[in-house]
Amino acid sequence: MLSLAGDDSPLVRTRLALALTLVPGGGRQEAVLALMADEDLDVSRQACLAAASLPTSTEVVTRLAGKLDRGSRSLQHAAAYALARMARRTEDTTANALARRTLQDRARSKDPVIRLEAARGLRQPRNGSEEGTLKRLAADLERLIRIEAVISLAYPGGPPIQLLDGASSKDYHLVQAALEGMARNGDPAVIKALSEIAVNPGPVPMRIAAIHSLRRVGPALAAQVLPIQLWRSDDPRLRQEAARTAAIYPVPANEPIITGLLKDNIPAVRGAAIRAAGHRNGSLADVLGEVLSENHPDIRYALALAAGDRIKSRRGGLRPDPAQEAEAFRILADLWVRGENDSQAFPRLA
């Protein structure tokens, strides 16, 4: 394949550059660099994109940086994309630092695509200068740039103000990015905001995003606060989240809530409650009762997962009880037979 870098056909050279993104190993770097210098725009552009898959090196970063200030916009965009991919790698090397500095220097570009790649490439800023650049990009006129900057600012110990501002935005996707990023931040102000968004009236998708983040950043707090607040909600999606939250951390006060949700009129809610009830002591037959014989696919899916939980005994690393393990295998065998004529595959997959 490498010999094709000198082929007379630009189409062949372009296809080669594309193919070299899929071939592992460092032996392709020389060919990719040669194709980046190709006079044909399509070849050079595709080679820049291919460079994103190369190991980060000073030579590659320097060549890509040289493309940012000359040639067509599409070529500049391809080079910026590759630099952002390299800059986001966790390695702390001279070449990686050079890629990040190069993007930071272009963060004031008039081209929004270049600014967008700068926001992506500076994930988890490593110094105050990078953080300041991202704070500025979080207020950019272009919404996609604001979203990417907020995502990049979401890291442990990072500044919470941009996340809090993002969560109060009227832009759905910016709010989503901020709420998801809050799970990686851990600041007390962020956790408090997540709790309030999760339980107060508002758009349900936003509340669910806050619930997911709160479960990640503070599972014990989520288990104490959310089930009692959500299990009587008029929206079944929130009742489902109440059951899921009750399943992640044992809280005695949630036991009556789990029992109540096992009788919910929505199968998906009952299914989530089955997972929560499955962690109780005793056999699944005693814990779940008549629910074991329900035939709705959502219920059988949840029953299979609950049986699997018993077999794996994931909670606390406890060894499974032999009798309960045998019961779980019998339940799985029964669920398999009951699902043989299903038009939907997910209960049998479970």
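Just above, that's the structure.
Residues numbered from 1 in each chain as written. Predicted model: local features only at pLDDT ≥ 70, side-chain atom pairs only at ≥ 80, totals over all residues. Heavy atoms only, no water.

**Considering helix α1 (residues 10-19)**
Of the residues making up α1, those classed as buried are Arg13, Thr14, Leu16 and Ala17. Here the buried residues of α1 occupy an arc of 160° about the axis, which is enough to place them on one side. Away from its buried face by more than 90 degrees, α1 exposes Leu11 and Arg15. Buried residues along α1 sit against α2 (29-36) and α3 (41-51). (Buried < 20%, exposed > 50% of the residue type's maximum accessible area, 1.4 Å probe, protein only. Helix = DSSP H or I, 4+ residues; strand = E, 2+ residues; numbered from the N terminus. Arc of directions from axis to C-beta. Contact = heavy atoms within 4.5 Å.)

**Brief notes about the nonpolar core**
Residues Leu64, Leu179, Ile274 and Leu288 are the most contacted members of the largest nonpolar core, which totals 99 residues. Looking at which element gives the most residues to this core, the answer is helix α5 (residues 73-87), with nine residues. Discounting chain neighbours no more than four positions away, the residues touching leucine 64 are Met36, Cys48, Ala51, Ala79, Ala82, Leu83 and Met86. (Core = buried A, V, L, I, M, F, W, Y, C linked by side-chain atoms within 4.5 Å.)

**A closer look at the side chain of arginine 215**
Tracing the chain through its elements places arginine 215 in helix α13 (residues 204-217). A polar side-chain atom of arginine 215 sits 2.9 Å from a polar atom in the side chain of threonine 245. When near neighbours in sequence (up to four residues on either side) are disregarded, arginine 215 contacts Ala222, Glu241, Arg244, Thr245 and Ile248. (Polar contact = N/O pair within 3.5 Å; in protein donor to acceptor, adjacent residues only side chain to side chain.)

**Some points on the packing of aromatic side chains**
Throughout the structure, instances matching the rule amount to one aromatic pair. A centroid spacing of 5.5 Å and a plane angle of 65° characterise the contact between tyrosine 301 and phenylalanine 346, whose relative ring orientation is edge-to-face. Of the two residues, tyrosine 301 sits in helix α19 (residues 297-312) while phenylalanine 346 sits in helix α21 (residues 346-349), which places them 45 residues apart along the sequence. Take phenylalanine 346: its relative accessible area is 29%, and that puts it in the partly exposed class. Geometry around tryptophan 336 places arginine 348 over its ring, the cationic atom sitting 3.6 Å from the centre. (Phe/Tyr/Trp six-rings, centres within 6.5 Å; stacked < 30°, edge-to-face > 60°. Lys NZ or Arg CZ within 6 Å of the ring centre and 35° of its normal.)

**Here's the deal with the packing of helix α17 (residues 267-277) against α19**
Viewed as axis vectors pointing N to C, α17 and α19 meet at an angle of 10°, and their least axial separation amounts to 8 Å. Here α17 lies roughly parallel to α19, going by the angle between them. Across the interface between the two elements, Pro267, Ala268, Arg270, Gly271, Ile274 and Arg275 of α17 pack against Asp298, Ile299, Ala302, Leu303, Leu305, Ala306 and Asp309 of α19. (Axes fitted to C-alpha atoms, helices over the stretch in contact; angles between N-to-C directions. Parallel < 35°, antiparallel > 145°, perpendicular 65-115°, else oblique.)

**A short note on the pattern of salt bridges**
Inspection of every chain in the model, using the stated rule, returns 21 salt bridges. Arginine 237 is the salt-bridge partner of aspartate 235, the closest N and O atoms lying 2.8 Å from each other. Among the residues examined, aspartate 235 registers a relative accessible area of 16% and is labelled buried. For the salt bridge of aspartate 264 with arginine 239, the shortest nitrogen-to-oxygen distance reads 2.6 Å. Of this pair, aspartate 264 sits in the loop between α16 (255-261) and α17 while arginine 239 sits in helix α15 (residues 236-248), and the two are 25 residues apart along the sequence. Both residues of the pair, aspartate 264 and arginine 239, belong to the buried class. It is possible to trace a salt-bridge network through shared partners that takes in Glu117, Arg120, Arg123 and Glu148. (Salt bridge = Lys/Arg side-chain N within 4 Å of Asp/Glu carboxyl O.)

**Observations regarding unusual backbone geometry**
Phi at glutamine 124 takes a positive value of approximately 50°, unusual for a residue other than glycine. The residue glutamine 124 is located in the loop between α7 (112-121) and α8 (128-137) in this model. Residue glutamine 124 is classed as partly exposed on the basis of its relative accessible area of 46%.

**Focus on the environment of alanine 80**
As for its placement among the helices and strands, alanine 80 is situated in helix α5. According to the relative accessible area criterion, alanine 80 is buried, its value standing at 0%. For the pair alanine 80 and alanine 198, spaced 118 residues apart in sequence, the C-alpha to C-alpha distance is 38 Å.

**Things to note about a nonpolar patch on the surface**
A contiguous nonpolar surface patch, about 310 Å² in accessible area, is contributed by Met1, Leu22 and Val23. In this structure, leucine 22 sits in the loop between α1 and α2. Among the residues examined, leucine 22 registers a relative accessible area of 70% and is labelled exposed. (Patch = residues over 30% accessible without salt bridge, like charges linked within 9 Å, V, L, I, M, F, W, Y side chains within 5 Å. Areas by Shrake-Rupley, 256 points an atom, 1.4 Å probe, with all protein chains shown as cover.)

**Focus on the side chain of arginine 146**
Its place among the elements puts arginine 146 in helix α9 (residues 143-153). Although buried, arginine 146 forms no salt bridge, and the nearest oppositely charged side chain, aspartate 171, lies 4.3 Å from it. A distance of 2.9 Å separates a polar side-chain atom of arginine 146 from the backbone oxygen of aspartate 140. At 3.1 Å, the side chain of arginine 146 and the backbone oxygen of leucine 141 are in polar contact. In contact with arginine 146, other than residues within four places in its own chain, are Leu137, Ala138, Ala139, Asp140, Leu141, Asp171 and Leu174. (Lys, Arg positive; Asp, Glu negative; His and termini not counted.)

Everything listed here is a matter of geometry and, on its own, says nothing about what the molecule does.
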